[in-house]
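In case you want the letters, here they are:
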Amino acid sequence: MPAIALVITSGKGGVGKTTSTANIGTALSIMGKRVCVVDLDLGLRNLDIMIGLGNRIIYDIVDVVQGRATLHQALVKDTRFEDRLVLLPAAQDADKNVLTPAAVRNIVEALRSEFDYILIDCPAGIEQGFRNALAGADGAVVVTTPELSAMSDADRVIGLIEAHRMPISPRLIVNRVQPEMIAAGTSLSVPAIAHRLALPLLGFIVEDNAIITADNRGEPVVFDTNSKPGACFRNITERLINPQTPLLPVPTIKKSFWAKLFNRG
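Conventions used here
- Residues numbered from 1 in each chain as written.
- Predicted model: local features only at pLDDT ≥ 70, side-chain atom pairs only at ≥ 80, totals over all residues.
- Heavy atoms only, no water.
- Buried < 20%, exposed > 50% of the residue type's maximum accessible area, 1.4 Å probe, protein only.
- Helix = DSSP H or I, 4+ residues; strand = E, 2+ residues; numbered from the N terminus.
- Arc of directions from axis to C-beta.
- Contact = heavy atoms within 4.5 Å.
- Pairing = 2+ DSSP bridges.
- Axes fitted to C-alpha atoms, helices over the stretch in contact; angles between N-to-C directions.

### Regarding helix α9 (residues 190-197)
An α-helix turns once per 3.6 residues; consequently, residues spaced three or four apart project the same way.
Link 1 in the chain: Here α9 has its buried residues at Val 190, Ile 193, Ala 194 and Leu 197. Projected down its long axis, α9 carries its buried residues within an arc of 100°, all on one side. Opposite the buried face of α9, at more than 90 degrees from it, the exposed residues are Pro 191 and His 195.
Link 2 in the chain: Looking at the buried residues of α9, the elements they touch are β6 (139-144), α7 (148-164), β7 (171-177), α8 (179-184) and β8 (201-206).
Link 3 in the chain: Just beyond α9, the residue with positive phi is Ala 198, at close to 55°.

Below you can see the structure in the form of structure tokens.
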């Protein structure tokens, strides 16, 4: 069965697309799936660092497109998973217009027979990089945070995704969820965000310093079996494989008197 190709996107930068790609890709591999993660963020390239493969890159996706390397020469294997997880890195010094939708589509098609999942880390914005990422995808995972600016950008991206008419309907991840703020009425709840964006909820990530610690170690937080974000990413991945998997309950904190008084949250 050919791979399912999913683009991880948001519109806004800094909301957790790359972290989500790294952790979902790693969790899929832990669960026995063959996964290729593709970094399309030309010029920045952080996916390799978050997975822990930054010191092993020789060729990148631009080398493949321009004929300096074959696709398999550019793939970086993660030996922790018996080669079930591989990375196709972005270029750090290439013009962002060097890639085209057709080139990305051809690369994804060449990868399909060898993997169960292809996860495409989409660059921020809705310009060329976004169009490239959509070109090779069967579906999308939209990442947002509770901030209004992030939700506004996500809403714009959702409209573009729906206009693209991919065969798999888009789903939502809400990142940086803070139960304290929800209880205080200063942040929308996760169900309220999903309702506002009119997308099925794939899962949520609780805000926790464990993610920063994991990033600084150069490894995905799903390796930390005791962390809340690790549990969140594992639940998201299980729901990606089997949509019937129950969603984790959002941690709750009792509302303050003032939050109850004004009926917020």
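Structure's up, so let's keep going.
### With respect to the pairing of strand β1 (residues 4-9)
Link 1 in the chain: Judged by how many residues are buried, β1 sits mostly within the fold: five of six residues are covered.
Link 2 in the chain: Two strands pair when backbone bridges link them, and β1 and β6 are joined in this way by four bridges, in the parallel orientation. Paired with Val 7 across the strands is Ala 140, a residue of β6.

### Here's the deal with the sheet that holds strand β3 (residues 76-78)
Link 1 in the chain: Reading across from one edge, β3-β4-β2-β5-β1-β6-β7-β8 is the order of the eight strands in this open sheet, with mixed pairing throughout. With one partner strand each, in any of the chains shown, β3 and β8 form the two edges of the open sheet. For this sheet the average axis-to-axis angle between neighbouring strands, irrespective of direction, equals 20°.
Link 2 in the chain: Sheet strands touched by α9: β6, β7 and β8. Its angle to β7, the strand with the most contacts, is close to 140°.
Link 3 in the chain: Lying over the sheet, helix α11 (residues 228-241) contacts β1, β5 (117-121), β7 and β8, oriented at roughly 170° with respect to β8.

Any functional reading would require information beyond the geometric quantities listed.
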